[in-house]
Amino acid sequence: MSAEALSRVFSALADPTRRDIVARLAVADATVNELAAPYDVTLQAVSKHLKVLADAGLVSRSRDGQRRPVHLEAEVFDLMTKWIERYRREAEERYRRLDELLRTLPEDGPPAPPIEGASR
Amino acid sequence: MSVTSTHDTEITVAADIPLVRIVREFDAPPAKVFRAHVDPELVVQWLGPRSTVMTVDHYDCRTGGSYRYVHASDGEEYGFYGSFHEVRPTELIVQTFTFEGMPDGVALERLVFEDLGDGRTRLIGTSLADSFADRDAMIASGMEHGIREGYERLDELLAS
């Protein structure tokens, strides 16, 4: 998954209606009609949202006859989660070093911030 | 290796604005955690990834000050620079952050040192990029770096 792909996923999920659609698809596949039912918007508007989600790889339409239900691509979600988890681990690794430093750092250091730090 | 810290870093990637929030607690009072962010001799000991050597060009952590440092890894150098917009001892650091490889991009970073009492601190860091693409590239670079570092070492470090 490239940074651009990740970006598409994030921006696709930036819209509250699309987030809601994704949340509902996480429960079960649904047709466009079913998805549109709770919203006060046209089928066309819902289709537009679905296109954005499909372009991001988050949903797909099966060829299941006339119904053509919308399916959530869970693995794309998993990938995004992995990216964020990796980023989190990087931060955690950094902060464990800081933990270590804080343990060894004497309590009474110079008054902060050290103005003379400018020339160091 | 023994891992004693159980304060896991929490990450929130905002969906509606290009922001990342990192929250972490420390078993040290705010003054100490703050000092580890302000004194360049201390900063180099923890900020850079383990596989890189961090060299501080200058690090003037006070209101109106600026910084530049370089991470060197496998013969490659990655420079970062920015300005300190507001530095309030033991409480707050507001700074900008730019990777020299993407000089048009700048993130606005805010570090809040929250006193939890009993010599403990909650550090709340937010980074607001100027586009979703930049924010996501930032997360992605962490991923690439993670691969370089090797999963094993992270797993070893994070094994509880």
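Here, every reference points to the structure presented above.
Values in this document were obtained by computation on a predicted structure and should not be read as measured data.

Rules behind the numbers
- Residues numbered from 1 in each chain as written.
- Chains lettered and ligands numbered in written order.
- Predicted model: local features only at pLDDT ≥ 70, side-chain atom pairs only at ≥ 80, totals over all residues.
- Helix = DSSP H or I, 4+ residues; strand = E, 2+ residues; numbered from the N terminus.
- Buried ≥ 20, exposed ≤ 12 C-beta atoms within 10 Å, placed from the backbone.
- Contact = placed C-beta atoms within 7 Å.
- Pairing = 2+ DSSP bridges.
- Axes fitted to C-alpha atoms, helices over the stretch in contact; angles between N-to-C directions.
- Parallel < 35°, antiparallel > 145°, perpendicular 65-115°, else oblique.
- Nonpolar A, V, L, I, M, F, W, Y, C, P; charged D, E, K, R; others polar.
- Core = buried A, V, L, I, M, F, W, Y, C linked by C-beta atoms within 7 Å.

Trainee: Would you mind going over the overall build of chain B with me for this structure?
Mentor: When helices and strands are tallied, chain B shows 4 helices and 8 strands. Starting at the N terminus and walking to the C terminus, you meet the elements of chain B as β-β-α-α-β-β-β-β-β-β-α-α. Looking at the 160 residues of chain B, the share that counts as buried comes to 29%.

Trainee: Looking at this model, I keep getting lost on the overall build of chain A. Mind explaining?
Mentor: Looking only at helices and strands, chain A features 5 helices and 2 strands. Across chain A, helices and strands are ordered from the amino to the carboxyl terminus as α-α-α-α-β-β-α.

Trainee: How should I be thinking about helix H1 (residues 30-38) of chain B in this particular structure?
Mentor: Spacing of three or four residues puts side chains on the same side of an α-helix, whose turn is 3.6 residues. For H1 of chain B, a buried count of 8 out of 9 residues is recorded, marking the element as mostly surrounded by other parts of the structure. Pro-30, Lys-32, Val-33, Phe-34, Arg-35, Ala-36, His-37 and Val-38 of chain B are the residues of H1 of chain B that are buried. Close packing links the buried residues of H1 of chain B with helix H5 (74-104) of chain A together with strand S2 (19-26), helix H2 (40-43), strand S6 (92-99), strand S7 (107-117) and strand S8 (120-128) of chain B.

Trainee: What's the story with the sheet that holds S7 of chain B in this structure? I'm lost.
Mentor: Backbone-to-backbone hydrogen bonds join strands into a sheet, with any given pair of strands oriented parallel or antiparallel. A sheet is described by the order of its strands in space; here 8 strands give the open sequence S1-S2-S8-S7-S6-S5-S4-S3 (chain B), paired in antiparallel fashion. At either margin of the open sheet sits one strand with a lone partner, and together these are strand S1 (10-13) and strand S3 (53-59) of chain B. If you compare each strand with its neighbour and ignore which way they point, the axes differ by 20° on average. Pairing geometry for S6 of chain B and S7 of chain B, over 6 bridges, is antiparallel. Residue pairing in the sheet places Val-94 of chain B in a bridge with Arg-110 of chain B of S7 of chain B. Across the sheet, H5 of chain A touches S1 and S2 of chain B, and the angle it forms with S1 of chain B is around 140°. Its contacts with the sheet place H1 of chain B against S2, S6, S7 and S8 of chain B, and it is angled at close to 155° to S7 of chain B.

Trainee: Hey, could you run me through the packing of helix H2 (residues 16-27) of chain A against helix H4 (residues 43-55) of chain A in this one?
Mentor: The angle between the axes and the distance between the axes are what describe a pair of packed helices. All names here are of chain A. Running from N to C, H2 and H4 point in directions that differ by 75°, and their axes come no closer than 10 Å. Classified by the interaxial angle, the pair formed by H2 and H4 is roughly perpendicular. Contacts between H2 and H4 involve Thr-17, Arg-18, Ile-21 and Val-22 from the first element and His-49, Val-52 and Leu-53 from the second. Considering only residue class, the contact of H2 with H4 consists of 4 nonpolar, 2 polar and 1 charged.

Trainee: I tried to follow unusual backbone geometry on my own but got confused; where do I start?
Mentor: Glycine aside, negative phi is the norm for most residues, and most peptide bonds take the trans geometry. All names here are of chain B. The residue Asp-74 is not glycine, and still its phi comes out positive at about 50°. The residue Asp-74 is located in the loop between strand S4 (66-73) and strand S5 (76-88) in this model. The backbone of Thr-90 shows a phi angle near 65°, a positive value even though the residue is not glycine. On the secondary structure map, Thr-90 appears in the loop between S5 and S6. On the neighbour-count criterion, Thr-90 (17 C-beta atoms within 10 Å) is partly exposed.

Trainee: Can you walk me through the nonpolar core in this structure?
Mentor: Soluble globular proteins: nonpolar side chains tend toward being buried together. Ranked by size, the top nonpolar core spans 30 residues in total, and within it Leu-6, Val-9, Leu-53, Leu-58 and Val-59 of chain A together with Ile-139 of chain B carry the most contacts. Listing elements by their share of this core, those giving two or more residues are helix H1 (3-12), H2, helix H3 (32-36), H4, strand S2 (70-72) and H5 of chain A together with S2 and helix H3 (132-149) of chain B. It is H3 of chain B that provides the largest number of residues to this core, a total of 5 residues. Those residues within four positions of Ile-139 of chain B in sequence are excluded, and the remaining contacts are Leu-6, Trp-83, Ile-84 and Tyr-87 of chain A together with Val-13 and Val-20 of chain B. Among the nonpolar cores identified, the runner-up in size contains 20 residues, and Val-33, Ala-36, Val-43 and Phe-84 of chain B belong to it.

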